[in-house]
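Fold and contact review
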Amino acid sequence: MATNPVTSIVGKSPQHIAAEHDPAITLSLVIPTYNEAGNIATLVRSLHQQLSDAQISHELIVVDDNSPDGTSDVVTQLTTEIPTLRLIHRNDENGLATAVICGWHHAHGALLGVIDGDGQHPPDTLPKLVASLSDPTNPADIAVASRHLPGGGVPTWSASRRLLSQGAQTLGSLLLPGTVGQVTDPMSGYFVVKRQAIAGCDLQPVGYKILLEVLARGDIHQVVETPYYFLERETGSSKVKATHYLDYLRHLLRLRVQPLRSQALGRYLMVSLMALLLDGAIFFWLFDTLGWNLTRSALIAGEAGILFTIALLDLWTFAGRPARTSLDRYRRLIGVQLAHGILLIGRLALINFLITWTNLGPLTVFFSLLIGTAPLGHLLGSRLSWRPTRN
Ligand SMILES: Nc1nc2c(ncn2[C@@H]2O[C@H](COP(=O)(O)OP(=O)(O)OP(=O)(O)O)[C@@H](O)[C@H]2O)c(=O)[nH]1
Ligand SMILES: [Mg+2]
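Bear in mind that the values here come from a model prediction, so they are computed numbers and not experimental data.

**Describing the overall build of the protein chain**
- Secondary structure assignment for the protein chain yields 13 helices and eight strands.
- Taken over the C-alpha atoms alone, the protein chain extends approximately 90 × 45 × 40 Å along its principal axes.
- Put simply, the protein chain has 391 residues, and 49% of those count as buried.
- Restricting to contacts in the protein chain with at least 6 residues of sequence separation, those with at least 24 account for 81%.

**Focus on the coordination of the magnesium ion (ligand 2)**
- Those donors, D118 (OD) and Q120 (OE1), are the protein atoms that reach the magnesium ion (ligand 2), and they lie 1.8 to 2.0 Å from it. Considered together, D118 and Q120 belong to a single accessibility category, that of buried residues.

**With respect to a nonpolar patch on the surface**
- Together, L171, L246, L249 and L253 line one region of the surface with nonpolar side chains, adding up to about 330 Å² of accessible area.
- The leading source of residues in the nonpolar patch is helix α9 (residues 242-256), at three residues.
- Tracing the sequence through the fold places L249 in helix α9.

**Topic: the domain arrangement of the protein chain**
- Assigned domains within the protein chain: domain 1 (6-256) and domain 2 (262-385).
- Each of domain 1 and domain 2 was reduced to a C-alpha centroid, and the two centroids are 45 Å apart.

**With respect to the pairing of strand β6 (residues 142-146)**
- The element β6 is largely enclosed, with a buried count of five among its five residues.
- Burial along β6 is two-sided: the face carrying I142, V144 and S146 and the face carrying A143 and A145 are both buried.
- For β6 and strand β7 (residues 191-194), the ladder comprises three bridges, and the chain directions are antiparallel. Considered in β7, the bridge of I142 is made with V193.
- The pairing of β6 with strand β8 (residues 223-227) spans five bridges and is classified as parallel.

**Examining the packing of helix α11 (residues 294-317) against helix α12 (residues 326-357)**
- One way to put it is that α11 packs onto α12 with a least axis distance of 10 Å and a crossing angle of 155°. Relative to α12, the element α11 is oriented roughly antiparallel. As α11 packs across α12, the resulting crossing turns out to be right-handed.
- Here the residues of the contact of α11 with α12 are counted per class, giving 13 nonpolar, seven polar and five charged.

**Comments concerning the layout of surface pockets**
- Considered as a void within the structure, the largest pocket measures approximately 1,000 Å³ in volume.
- Along the walls of the largest pocket sit 41 residues, with L96, Y208, K239, V240 and H244 positioned nearest its centre.
- Split by residue class, the lining of the largest pocket holds 18 nonpolar, 12 polar and 11 charged.

**A few points about helix α2 (residues 71-78)**
- The set of residues buried in α2 consists of T71, S72, V75 and L78. Buried residues of α2, seen end-on, are gathered within an arc of 125° and therefore sit on one face of the element. Across from the buried face of α2, at angles greater than 90 degrees, the exposed residues are D73 and Q77.
- Where the residues of α2 are buried, they touch β2 (27-33), α1 (40-53), β3 (58-64) and β4 (85-90).

**With respect to the site of ligand 1**
- Within the structure, ligand 1 sits among 21 residues, and E36, D65, D118, S238 and K239 are positioned closest to it.
- Note that an oxygen atom of ligand 1 is positioned 2.9 Å from one of the backbone N or O atoms of Y34.
- In the environment of ligand 1, an oxygen atom lies 2.7 Å from a nitrogen or oxygen atom belonging to the backbone of G117.
- With the chains in place, 92% of the 630 Å² that ligand 1 exposes on its own is no longer accessible.
- Mapping ligand 1 onto the cavity grids shows that it belongs to the largest pocket.

**Observations concerning the pairing of strand β5 (residues 111-114)**
- The alternating pattern of β5 places L111 and G113 and L112 and V114 on opposite faces, both of which are buried.
- With four bridges connecting them, β2 and β5 associate as parallel partners. Counted as the bridge partner of L29 is G113 from β5.
- Alignment of β5 against β7, held across four bridges, turns out to be antiparallel. Residue pairing across strands places L111 opposite K194, the latter belonging to β7.

**Here we look at the sheet that holds strand β1 (residues 6-9)**
- If you trace the eight strands from one edge of the open sheet to the other, you get β1-β4-β3-β2-β5-β7-β6-β8, paired in mixed fashion. The sheet is open, and its two borders are formed by β1 and β8, each paired with just one other strand. Direction aside, the axes of adjacent strands within the sheet are offset by 20° on average.
- Taken strand by strand, α1 contacts β2, β3 and β4, and its axis lies near 160° from that of β3.
- On top of the sheet, α2 reaches β1, β2, β3 and β4; it is set at about 155° to β4, its chief contact.

Quick notes on the rules
- Residues numbered from 1 in each chain as written.
- Chains lettered and ligands numbered in written order.
- Predicted model: local features only at pLDDT ≥ 70, side-chain atom pairs only at ≥ 80, totals over all residues.
- Heavy atoms only, no water.
- Helix = DSSP H or I, 4+ residues; strand = E, 2+ residues; numbered from the N terminus.
- Buried < 20%, exposed > 50% of the residue type's maximum accessible area, 1.4 Å probe, protein only.
- Contact = heavy atoms within 4.5 Å.
- Donors = N, O, S within 2.8 Å, 3.2 Å for Na, K, Ca; no water.
- Patch = residues over 30% accessible without salt bridge, like charges linked within 9 Å, V, L, I, M, F, W, Y side chains within 5 Å.
- Areas by Shrake-Rupley, 256 points an atom, 1.4 Å probe, with all protein chains shown as cover.
- Salt bridge = Lys/Arg side-chain N within 4 Å of Asp/Glu carboxyl O.
- Domains from an automatic or database assignment.
- Pairing = 2+ DSSP bridges.
- Axes fitted to C-alpha atoms, helices over the stretch in contact; angles between N-to-C directions.
- Parallel < 35°, antiparallel > 145°, perpendicular 65-115°, else oblique.
- Left-handed = near helix turned anticlockwise from the far one by under 90°.
- Nonpolar A, V, L, I, M, F, W, Y, C, P; charged D, E, K, R; others polar.
- 1 Å grid on protein atoms, 1.4 Å probe; cavity = no way out; pocket = protein on both sides within 12 Å on 5 of 7 lines; lining within 4 Å.
- Points joined across faces, edges and corners; volume = space filled by probe spheres on them.
- Arc of directions from axis to C-beta.
- Near = heavy atom within 4 Å.
- Polar contact = N/O pair within 3.5 Å; in protein donor to acceptor, adjacent residues only side chain to side chain.
- Sits in = over half its atoms within 2 Å of the grid points.

What follows is the structure, given as structure tokens:
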């Protein structure tokens, strides 16, 4: 562990999590704070007590974003009393999620955790979270404290806050069912994850919801949950603002519609081009050479192009990014079929419309629309199906 318990960061904080850890430290717990001077000392003492009683070797890392109420001074004082406590003081940055990743970047433990600094997360749940990840018979990668399991709850929340939270969760389940659906409380800010599940991952959270990012981009196969009651703040005030709900929406959409990068993009465009040529050649052969009906020729040619695209994307373009489960694999194959299938039907309708109502010849109409609509189909197919994140 670093000799100086206080680290001051100027500029943008590091966001990379290394795979190496110190075998002497089981848990590194990050406590993000902004104006928590009145809460932090009680919380840190209680956490240290709980973890020491449970014989969990640990470090507590408070990441404070230059709080004007003097939170950093309180924590600096406390480091002389609590030997496992460290402070990271970010001078030029704020944001809960980036603060947590910054703390994990500086952490040494095999397990990486996070807990709010306002005392709303009961410290006695922590040893249970750690125990479920330390149990060799339990293969979970992450242990999440949940308010939505029997034995947990949010007794102090108003009806409107409950409704807002439920609405946000439902939206998340609709946009990212494979990610949000893994847990009963995707908004939880209280969890412990195995370092190897997120080491080296390209975490890019937006706003508040760090768990969402970890579940979506981490190598998480199994989740274990522990119920807890969300307590009331002793002092200080909530930092949740309306803009955090917008950040959440932006975060969901970013995870949902992730653009392709570099090599995959090159291969993707090549497959698209080959599928276009195949579609055109089959259409020409059926319609012009064999004299088949236009709609039937275009439909068969279009579907041949789609199946060719699906096969090549799976076997070549994204071979290095295999689906985590066979269900995920079929889901993304169906995603490509649906995106291109809908476009094909729209194109057929437009072809028939233009041939009926204009003087343009069928080959001109077919090839203009085939080329004109191709970028849209391939954009949809790629973004809906092969994101680097879980569905
Ligand atoms: N470092 C850092 N910590 C933050 C920031 N915003 C909030 N926090 C801390 O993150 C934790 C959770 O923030 P709260 O505002 O309590 O949010 P919440 O618990 O989700 O919501 P409430 O139920 O309204 O309290 C607290 O410890 C805050 O001090 C920030 O920008 N930077
Ligand atoms: Mg709070």
